[in-house]
Amino acid sequence: PMEKGMHILGAHIDSPRIDVKQNPLYQDEDFALLDTHYYGGIKKYQWVALPLALHGVVAKKDGTVVNVVIGEDPSDPVLGISDLLIHVSGDQLAKTLSKAIEGEKLNLTVGSRPVMNAADDCKEPVKELILSMLKEKYDIEEEDFLSAELEIVPAGPARDYGLDRSMIAGYGHDDRVCAYPSFAAMMEAGHVDRTSCCLLVDKEEIGSVGATGMQSRFFENTVAELLNLTGEYSEIKLKRCLANSRMLSSDVNAAFDPLYADVFQKNSSSFMGKGVVFNKFTGRGGKSGSNDANAEYLADLRKIMDDNGVNFQMAE
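All values derive from a computational prediction rather than experimental measurement.

Caption draft 1: Region of interest: a nonpolar patch on the surface. Taken together, the side chains of Leu 84, Leu 85, Ile 86, Val 88 and Leu 93 make up a nonpolar region of the molecular surface, amounting to roughly 520 Å² of accessible area. With respect to the helices and strands, the residue Leu 85 is situated in the loop between strand E5 (65-70) and helix H1 (90-93). For Leu 85, a relative accessible area of 53% puts it in the exposed group.

Below is the structure:
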């Protein structure tokens, strides 16, 4: 019975990125650009002079939703955010990394060619061409940006990393490296004695807020709906179900990097290839914001790992 508790694997499925604003398309001199707002903890200097792709949806007033993907197919153009030429970047190079590239300058360049045979009163011919291309390919108008969710991410597929192919380089490792294995493991688990739950959530990168983040009540509400479908719903059974459940909250962990050894403490670090990582607690400073797991739970996890010959390591 669900009242006896569930086994829950949780992870998040959002990643740091750059979002397109709701009134984004504009022309400045001979360039068409999209105004943006960065999402999550990005290092801004990493996003310039880089091939970028545009992903997302455009919801139209007639109820249709248009999927947009530009920059991933080999035949697609890529997009980008410009950086200064080395010869004119003296002032920029004198700034700290956090100040050298400003968030307000992370606007996406999407074109530089004017529309052919523009009308005499056309003041923004480059923007006009971009709008005509969007109309032709996606049947969307400029005002449809108002109800769109478009995200800018590094273009290209994940790749093997290293001559020995021992690593992976790809956008969105955090937290696909946890989300996909959680789902795959649950699908392959076979018979289980307790209700299994794979909980994949949004908005972790900005504080787990909103209707789809873990600060919402959607998970509790979903469990209540499931109990109701079994004919077992009551407020006390819902509380018992949650209280009796066990969860692994999965996320990425920083592996020891010999190039930056001064920011790691070896005895409390995780290492590449040494097994899955368990963090007893998170938080910072005096464990501020921590979720410190109890010792008995960790002992049970150690036993499961050892009984099944699984390598694991503890880290902070």
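Caption draft 2: Broad picture of the nonpolar core. In this structure, Leu 34, Leu 54, Val 68, Leu 108, Val 110 and Leu 150 are the most contacted members of the largest nonpolar core, which totals 30 residues. The biggest single contributor to this core is helix H3 (residues 125-138), with five residues. With residues up to four places along the chain from it excluded, the contact list for Leu 54 reads Val 20, Leu 34, Val 68, Val 69, Ile 70, Leu 79, Leu 150, Glu 151 and Ile 152. Counting 12 residues, the second-largest nonpolar core is a separate cluster that includes Cys 197, Leu 199, Val 223 and Leu 238.

Caption draft 3: Structural detail: helix H7 (residues 295-307). Helix length check: H7, at 13 residues, gives a terminal C-alpha distance of 18 Å against a target of 18 Å (1.5 Å per residue), a fit within 8%. All of the buried residues in H7 are Tyr 297, Leu 298, Leu 301 and Met 305. All buried residues of H7 lie within an arc of 95 degrees about the axis, which places them on one face of the element. Away from the buried face of H7 by more than 90 degrees, exposed residues Glu 296, Lys 303, Asp 306 and Asp 307 are located. In this structure, the buried side of H7 is in contact with strand E11 (246-249), strand E12 (276-278) and strand E13 (312-314). The residue sitting at the N-terminus of H7 and contributing the capping side-chain oxygen is Asn 294; that oxygen lies 3.3 Å from the backbone nitrogen of Glu 296. Gly 309 lies just past H7 and shows a positive phi near 65 degrees.

Caption draft 4: The arrangement of the sheet that holds strand E2 (residues 17-28) in detail. The strand order across the open sheet built from six strands is E5-E4-E7-E2-E3-E6, with neighbouring strands paired in antiparallel fashion. This sheet does not close on itself; its edge strands, each paired only once, are E5 and strand E6 (108-111). Strand-to-strand twist of the sheet, defined as the mean angle between neighbouring strand axes without regard to direction, takes the value 30 degrees. Pairing of E2 with strand E7 (residues 148-154), which is carried by two bridges, proceeds in the antiparallel orientation. Note on E7: the bridge partner recorded for Ile 18 is Ile 152. Contacts between H3 and the sheet are confined to E2, strand E3 (31-39), E5 and E6, with E2 contributing the most and set at about 125 degrees to the helix.

Caption draft 5: View of the packing of aromatic side chains. Applying the stated criterion to the full structure yields three aromatic pairs. On the numbers, 5.9 Å between centres and 70 degrees between planes, the contact of Phe 278 with Phe 312 is edge-to-face. Placement of Phe 278 in strand E12 and of Phe 312 in strand E13 is noted, with a sequence separation of 34 residues between them. Here Phe 278 falls in the buried class, since its relative accessible area comes to 12%. What links up through ring pairs into an aromatic cluster is the set Phe 256, Phe 264 and Phe 271. Here the basic side chain of Arg 17 rests over the ring of Tyr 39, its NZ or CZ set 3.6 Å away from the ring centre.

Caption draft 6: Layout of unusual backbone geometry. For the peptide bond that leads from Asp 174 to Asp 175, omega is 20 degrees, which places it in the cis range. Residues other than glycine seldom take positive phi values, yet Glu 29 does so here, at roughly 55 degrees. Structurally, Glu 29 is set in the loop between E2 and E3. On the basis of relative accessible area, Glu 29 is assigned to the exposed category, the value being 66%.

Here is what the cut-offs are and how they apply
Residues numbered from 1 in each chain as written. Predicted model: local features only at pLDDT ≥ 70, side-chain atom pairs only at ≥ 80, totals over all residues. Heavy atoms only, no water. Patch = residues over 30% accessible without salt bridge, like charges linked within 9 Å, V, L, I, M, F, W, Y side chains within 5 Å. Areas by Shrake-Rupley, 256 points an atom, 1.4 Å probe, with all protein chains shown as cover. Salt bridge = Lys/Arg side-chain N within 4 Å of Asp/Glu carboxyl O. Helix = DSSP H or I, 4+ residues; strand = E, 2+ residues; numbered from the N terminus. Buried < 20%, exposed > 50% of the residue type's maximum accessible area, 1.4 Å probe, protein only. Core = buried A, V, L, I, M, F, W, Y, C linked by side-chain atoms within 4.5 Å. Contact = heavy atoms within 4.5 Å. Expected span 1.5 Å × (residues − 1). Arc of directions from axis to C-beta. Polar contact = N/O pair within 3.5 Å; in protein donor to acceptor, adjacent residues only side chain to side chain. Pairing = 2+ DSSP bridges. Axes fitted to C-alpha atoms, helices over the stretch in contact; angles between N-to-C directions. Phe/Tyr/Trp six-rings, centres within 6.5 Å; stacked < 30°, edge-to-face > 60°. Lys NZ or Arg CZ within 6 Å of the ring centre and 35° of its normal.

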